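What follows is each chain in one-letter form.
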Amino acid sequence: MNISIVGTGYVGLVTGTCFADVGNQVLCVDKDQSNIDMLLGGKIPIFEPGLEQLVKTSVAQERLKFTTDISAAVEHGKIIFIAVGTPPGEDGSADLSHVLAVAKSIGQSLLEYRTVVTKSTVPVGTAEKVRKAIQSELDARGVEIEFSVASNPEFLKEGAAIEDFMKPDRVVIGADDDRAVEILRELYAPFNRNHERLIIMDIPSAELTKYAANAMLATKISFMNELSNLAELLNADIELVRQGIGSDPRIGYHFIYPGCGYGGSCFPKDVQALHRTAQQYGYEARILDAVEAVNQDQKSVLLNKIDAHLGANLSGKTFAIWGLSFKPNTDDMREAPSRVIIDGLLARGASVRAYDPVANEEASELYADNKSVTFCDDLYDATEGADSLVLVTEWKAFRSPDFKRLKRQLGDRVIFDGRNIYDPAGLAKVGLKYYGIGRSN
């Protein structure tokens, strides 16, 4: 099947590459020439395990191509996916200007029937706006061309996106005509062999499903972080509480790990956008408001522990930071808790030595003008000459370090663990002071 993907960001590139990998002819279009040049040169603008090799293979086998020509994409694709960004506006609502600009371009170039699918995370009602934008351009041209609009939200986890796409737990399709449903059913047939994964619904329900999923996961994280703060006051251990409630199958273990807050391109943006949508319809979504507020506070929890242990004036102190990306297996620094922590340490007069297995380059651009931040080549390079260690992102490389070596390196012999990956009793035996999340000290 001929498929066109508009947008070569995270969602668009993963989607196009995975469709090409199962034999489709995919044309990805992006207005950013530098992105296209990079992709044509065999490089990708994001970090996602396994993606670069998959892109190279599909390009070499001529199943995956790239262009800046939107009209070529409209001509090529029987299905046209819109996968451009929807960044939050100043009021928290999703900015649909890129989505609707693509819709207009499709309407200007459309010559025969196409199925247009919104893949971007968009508020309820966006598909209808896309339909009107395309129809408006057709009316301006004075032509009558049939087309369908559908919603097919993505459910990809950064760091595991290829696995999620190739072996989806569900494929949500929102459509209001049978023709679009059958075309998308055919497209997803290779991913639907073992059992029925397609969930067909109306378009507004599909659009809401994506926001509801991310908001639910963010709610679990913030609720657990709220409990972790209470556990400290009650002299309880949140890790034991987590095991106690996670063993209940109605709750489960997923997304109930306490920490120093969530970040990334999805949860913060989507919680805000859903909250804003509720307000636009006259409904005050109080839980969503609390989820966001708790998360913002949680990003400063480690700073509060540092203040309590060392005081608010940290002049002359150096902190090693392990982990910069908002989660492991990605270089994404958007809304990352590490940024709040680094900014807080700098504001208190401290210096920072930071290391991340993947995100050093991305982070160095954010702090390029700050001489108090040094980016190191490995984890022990970061702790060399540091007074304290702050663990922010739970990369596998950080799970079992040489604690005796850390004791020799760290001037104040203290570790602030933002993900509870270390054993407090074990560190005490080594002679390291430990501060975790929701664990009494």
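Only a predicted model underlies this, so the values are computations on that prediction, with no experimental measurement involved.

Undergrad: Quick rundown of the pattern of salt bridges? Include the residues and the values.
TA: Considering all chains together, one arrives at 21 salt bridges under this definition. In this structure, the salt-bridge partner of glutamate 163 is lysine 167, at a minimum N-O distance of 3.9 Å. By relative accessible area, which is 58% here, lysine 167 ends up exposed. The closest approach of N and O atoms between arginine 242 and glutamate 239, which form a salt bridge, is 3.0 Å.

Undergrad: Describe in detail the state of the cysteines, supporting the description with residues and values.
TA: Put plainly, a disulfide is one covalent bond tying together the sulfur atoms of two cysteines. With the rule as written, the count across this model stands at 0 disulfides. No disulfide involves cysteine 266; its nearest neighbouring cysteine sulfur is the one of cysteine 18, lying 16 Å away. Lacking any disulfide linkage, cysteine 376 is separated from the closest cysteine sulfur, that of cysteine 260, by 19 Å. Taking relative accessible area as the criterion, cysteine 376 reaches 2% and is therefore assigned buried.

Undergrad: Any details on the environment of methionine 333? Residues and values, ideally.
TA: Along the chain, methionine 333 falls in the loop between β9 (318-322) and α14 (337-347). You can call methionine 333 buried: its relative accessible area is 4%. Sequence separation of methionine 333 and asparagine 152 is 181 residues, and the distance between their C-alpha atoms is 26 Å. Beyond its immediate chain neighbours, meaning those up to four positions away, methionine 333 contacts Leu324, Ser325, Ser338, Arg339, Ala359, Glu362, Ala363 and Leu366.

Undergrad: Describe the pairing of strand β13 (residues 414-417), and please don't skip the residues or the numbers.
TA: Here β13 shows a buried face lined by Val414 and Phe416 and a second buried face lined by Ile415 and Asp417. Where strand β12 (residues 388-391) and β13 come together, 4 bridges link them in parallel fashion. Bridge pairing in β13 links serine 388 to valine 414. What joins β12 to β13 is helix α17 (residues 403-409), and the crossover it makes is right-handed. Strand direction decides the pairing type here: β13 and strand β14 (residues 433-435), joined by 3 bridges, are parallel. Of the residues in β14, the one forming a bridge with valine 414 is lysine 433. Each parallel crossover has a hand, and the one from β13 via helix α18 (residues 424-430) to β14 is right-handed.

Undergrad: Tell me about helix α9 (residues 203-233), residues and numbers included.
TA: The end-to-end C-alpha distance of α9, which contains 31 residues, comes to 46 Å, matching closely the 45 Å that a straight helix rising 1.5 Å per residue would cover. Looking at the residues trailing α9, positive phi occurs at asparagine 235, about 60°.

Undergrad: Describe the sheet that holds β12, with residues and values.
TA: Within the open sheet, the 6 strands sit side by side as β11-β10-β9-β12-β13-β14. Their pairing is parallel. On the outer flanks of this sheet lie β11 (373-375) and β14, each paired with one strand and no other. Mean inter-strand twist for the sheet, computed between neighbouring axes without regard to direction, equals 20°. Contacts from helix α13 (residues 301-310) reach β9, β12, β13 and β14, with the element oriented near 155° to β13. Contacting β9, β10 (351-355), β11 and β12, α14 crosses the sheet at an angle of about 175° to β9.

Rules behind the numbers
- Residues numbered from 1 in each chain as written.
- Predicted model: local features only at pLDDT ≥ 70, side-chain atom pairs only at ≥ 80, totals over all residues.
- Heavy atoms only, no water.
- Salt bridge = Lys/Arg side-chain N within 4 Å of Asp/Glu carboxyl O.
- Buried < 20%, exposed > 50% of the residue type's maximum accessible area, 1.4 Å probe, protein only.
- Disulfide = S-S within 2.5 Å.
- Helix = DSSP H or I, 4+ residues; strand = E, 2+ residues; numbered from the N terminus.
- Contact = heavy atoms within 4.5 Å.
- Pairing = 2+ DSSP bridges.
- Right-handed = clockwise from strand over helix to strand, strands pointing away.
- Expected span 1.5 Å × (residues − 1).
- Axes fitted to C-alpha atoms, helices over the stretch in contact; angles between N-to-C directions.

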